[in-house]
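Below, each chain spelled out in residue letters.
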Amino acid sequence: MTTKRIKLENSEQAVRLLGQQDALLRQMEADFGVEMFLHQEPRSGELQLSIKGSPARVEKAVKRVRQRLAELRQTRDEPDRPEGINLDAPPLPDDGLYRTAYGKIVRARTLNQQTYVDAILSHDMVFGIGPAGTGKTFLAVACALRALESRKVHRIIISRPVVEAGEKLGFLPGDLLEKVSPYLKPLYDAFYALLGPERFRMWRDTEVIEIVPLAYMRGRTFEDAFILLDEAQNTTPEQMKMFLTRMGNGSKVAVTGDVTQTDLSEKVTSGLVRIEGILKNVPGVVFHRLTEEDVVRHPLVKRIIRAYDDWDKSQ
């Protein structure tokens, strides 16, 4: 048995070489009778593809991989030939927004959701406001991945306010990612459903998808990125201003939240509540409201939301 390693330039090249959900990698393993796996050197951060098997089979596999890398470099250097990251997927239907790693087509399920999606695709800053279950975050994540795969952006930045941001985070065990993971789990779920866990972890580890707690955004500028802020009702007005001014050239911003479910103290105004009054007349900024009619979870969720609305009105 022998093992050979091939250095890859970046995560984008790895995705194009190995295919969606490593489909091309698995095919090459079957074709050449070898084991192949991608790993990242902890010190240098460089990506390496390891090929393990009998010497003759490894040589054949290495030759094919190098040939494929040369083809990818030639395609990259040719002008006017942009290619999506998901090279093997068939074309989307007219009403399709994104094809998941499992082959499922993501599409708007109500007319209002479609208007929301159209706003994200055609504007640089969109606020999606509505109750739980309306798809505001899931559809925004799908739009972000669509923008990434079509090369309209180079990375995705995802953030959520940690209500206990500051002192309490420091006492939690683990590194920063481990500290904030419980707060970001709903966003992880959306990416798992769309990308699959393996691809999401690889893109997260190589910062094609970067997770930035809101409290740690100050001083940064994100260019050529799709920046998503979820649970924005839990931002203060100062945090909202700080977040929106992180936007760099070539970037898009989607902000989602439910103004009826703020976890802030009663004395603190929600940044999401205040921002519409501040930006309502700013060109290029869109506020879109989703309602109980757009709820796509269990039918009981729609009834629960309606019951709460009725109760609030009676009070």
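The residue numbers shown here count from 1 along each chain, following its written sequence. This being a predicted model, a pLDDT of at least 70 is required before a residue's local features are given, and a value of 80 or more before pairs of side-chain atoms are given or counted; all residues contribute to the totals for chains, interfaces and linings. Side-chain figures throughout are based on the complete set of non-hydrogen atoms in the structure, without hydrogens or water.

What am I meant to see in the overall build of the chain here?
Helix numbering and strand numbering both begin at the N terminus, where a helix is a DSSP run of H or I of at least 4 residues and a strand a DSSP run of E of at least 2. Within the chain, the secondary structure is distributed over eleven helices and eleven strands. Only protein chains enter the area calculation, which uses a 1.4 Å probe; residues under 20% of their type maximum are buried, those over 50% are exposed, and those in between are partly exposed. Per-residue burial over the chain gives 46% buried out of 315 residues. Within the chain, contacts between residues separated by at least 24 positions form 71% of all contacts whose residues are at least 6 apart in sequence. Values of accessible area rely on a 1.4 Å probe in the Shrake-Rupley scheme; residue burial ignores everything except the protein chains shown. Put simply, the chain shows about 16,700 Å² of open surface, and 50% of that area lies on carbon and sulfur atoms. Only heavy atoms matter for contacts: two residues are in contact if any of them lie within 4.5 Å across the pair.

Can you walk me through the packing of aromatic side chains in this structure?
Where two aromatic rings form a pair, the distance of their centres and the angle of their planes describe that pair. Any Phe, Tyr or Trp ring, taking Trp's six-membered ring, that has another such ring centre within 6.5 Å forms a pair; planes under 30 degrees apart are called stacked, those over 60 apart edge-to-face, and the others tilted. This model, assessed by the stated rule, comprises five aromatic pairs. With 5.5 Å between their ring centres and 80° between their planes, Tyr192 and Phe200 make a pair best called edge-to-face. With relative accessibility at 22%, the residue Tyr192 sits in the partly exposed group. Put simply, the rings of Tyr188, Phe191, Tyr192 and Phe200 touch in pairs and so form one group of aromatic residues.

Would you take a moment to explain the packing of helix H1 (residues 11-18) against helix H8 (residues 197-205) for this structure?
Any two packed helices are characterised by the angle at which their axes cross and by the distance between the axes. Following both chains from N to C, one finds H1 and H8 inclined at 155°, their axes separated by 10 Å at the closest point. The pairing of H1 with H8 is recorded here as roughly antiparallel in orientation. In terms of crossing hand, the pair formed by H1 and H8 is right-handed. In this structure, H1 uses Ser11, Ala14 and Val15 to contact H8, whose residues at the interface are Arg199, Met202 and Trp203. Looking at the contact of H1 with H8 residue by residue, the classes come out as four nonpolar, one polar and one charged. In this description, a line fitted to the C-alpha atoms serves as the axis of each element, helices being fitted only across the stretch in contact, and the angle between N-to-C directions of two axes falls anywhere from 0 to 180 degrees. Between 65 and 115 degrees an angle is taken as roughly perpendicular, under 35 as roughly parallel, over 145 as roughly antiparallel, and anywhere else as oblique. Crossings are classed by handedness, with left-handed meaning an anticlockwise turn of the near helix from the far one by less than a right angle and right-handed meaning a clockwise turn. Three classes are used, and their members are as follows: Ala, Val, Leu, Ile, Met, Phe, Trp, Tyr, Cys and Pro are nonpolar, Asp, Glu, Lys and Arg are charged, and the others, Gly among them, are polar.

Teacher, can you tell me more about the side chain of Ser270 here?
By the secondary structure assignment, Ser270 is in the loop between strand E10 (252-257) and helix H10 (271-279). On the basis of relative accessibility, which here comes to 6%, the residue Ser270 falls in the buried class. For Ser270, the residues in contact, after removing those within four places along its chain, are Ala232, Gln233, Thr235, Pro237 and Leu264.

How should I be thinking about the pattern of salt bridges in this particular structure?
Two side chains bearing opposite charge may form a pair once their charged atoms approach each other closely. Any carboxyl oxygen of Asp or Glu that lies within 4 Å of a side-chain nitrogen of Lys or Arg is treated as forming a salt bridge with it. By the definition in use, this model includes nine salt bridges. When the shortest N-O distance is used, the salt bridge between Lys4 and Glu59 registers 2.3 Å. Of this pair, Lys4 sits in strand E1 (residues 2-8) while Glu59 sits in helix H3 (residues 55-77), and the two are 55 residues apart along the sequence. A relative accessible area of 39% places Glu59 in the partly exposed class. Put simply, Glu210 and Arg155 hold a salt bridge, and the shortest N to O gap is 2.2 Å. Of this pair, Glu210 sits in strand E8 (residues 209-211) while Arg155 sits in strand E7 (residues 155-159), placing them 55 residues apart in sequence. Several salt bridges converge on common partners, so that one network encompasses Arg155, Glu210 and Arg220.

Even after reading the chapter, I still don't get the sheet that holds strand E3 (residues 47-53), so can you show me in this structure?
For sheets, the rule is that strands pair by backbone hydrogen bonds, running either parallel or antiparallel. The strand order across the open sheet built from three strands is E1-E3-E2, with neighbouring strands paired in antiparallel fashion. The open sheet is flanked by E1 and strand E2 (35-40), the only strands paired with a single partner. Ignoring strand direction, the axes of neighbouring strands in this sheet form an average angle of 25°. For two strands to pair, DSSP has to find at least two bridges joining them. As defined by bridge partners, E2 adjoins E3 across six bridges and the pair is classed as antiparallel. Opposite Met36, over in E3, you have Ile51 as the bridge partner.

Explain the environment of Glu238 here, please?
Here Glu238 lies in helix H9 (residues 237-244). Measuring from C-alpha to C-alpha, the distance between Glu238 and Ser270 comes to 9.6 Å, with 32 residues separating the pair along the chain.

Sorry, what's going on with the confidence of the model for the chain here?
Keep in mind that low pLDDT regions are not for reading the predicted coordinates in detail. For every residue, the predictor states its confidence as a pLDDT score lying anywhere from 0 to 100. Summing up the model confidence of the chain, the mean pLDDT is 83 and the portion of residues at 70 or higher is 88%. Of all the helices and strands in the chain, helix H6 (residues 167-171) carries the lowest mean pLDDT, 46, while strand E6 (residues 125-129) carries the highest, 97. pLDDT under 50 marks residues 78-87. Its contacts with residues more than four places away, or in other chains, come to 15 contacts. Under a pLDDT of 50 for its full length, residues 164-169 has, in the predicted model, seven contacts with residues more than four places off or in other chains.

Which parts of the structure should I look at to understand H1?
Since there are 3.6 residues in each turn of an α-helix, residues three or four apart along the chain are aligned in direction. Among the eight residues in H1, seven count as buried, and that is most of the element. What H1 keeps buried is the set Ser11, Gln13, Ala14, Val15, Arg16, Leu17 and Leu18. Any pair of nitrogen or oxygen atoms within 3.5 Å is treated as a polar contact; in protein, a donor-acceptor pairing is required on top of that, and neighbouring residues in sequence qualify only through side-chain atoms on both sides. Its side-chain oxygen 2.8 Å from the backbone nitrogen of Gln13, Asn10 forms the N-cap of H1.

Please explain the pairing of E3 as it appears in this structure.
Within a regular beta strand, the side chains point alternately toward one face of the sheet and then the other, so they alternate between its two faces. In terms of burial, E3 is a largely internal element, six of the seven residues being buried. Bridge analysis of E1 against E3 gives seven bridges, and the strand direction is antiparallel. Bridge assignment links Thr2 to a residue of E3, and that residue is Gly53. Hairpin connection of E2 to E3: six residues between the antiparallel strands, including Gly45 at a positive phi of 80°.

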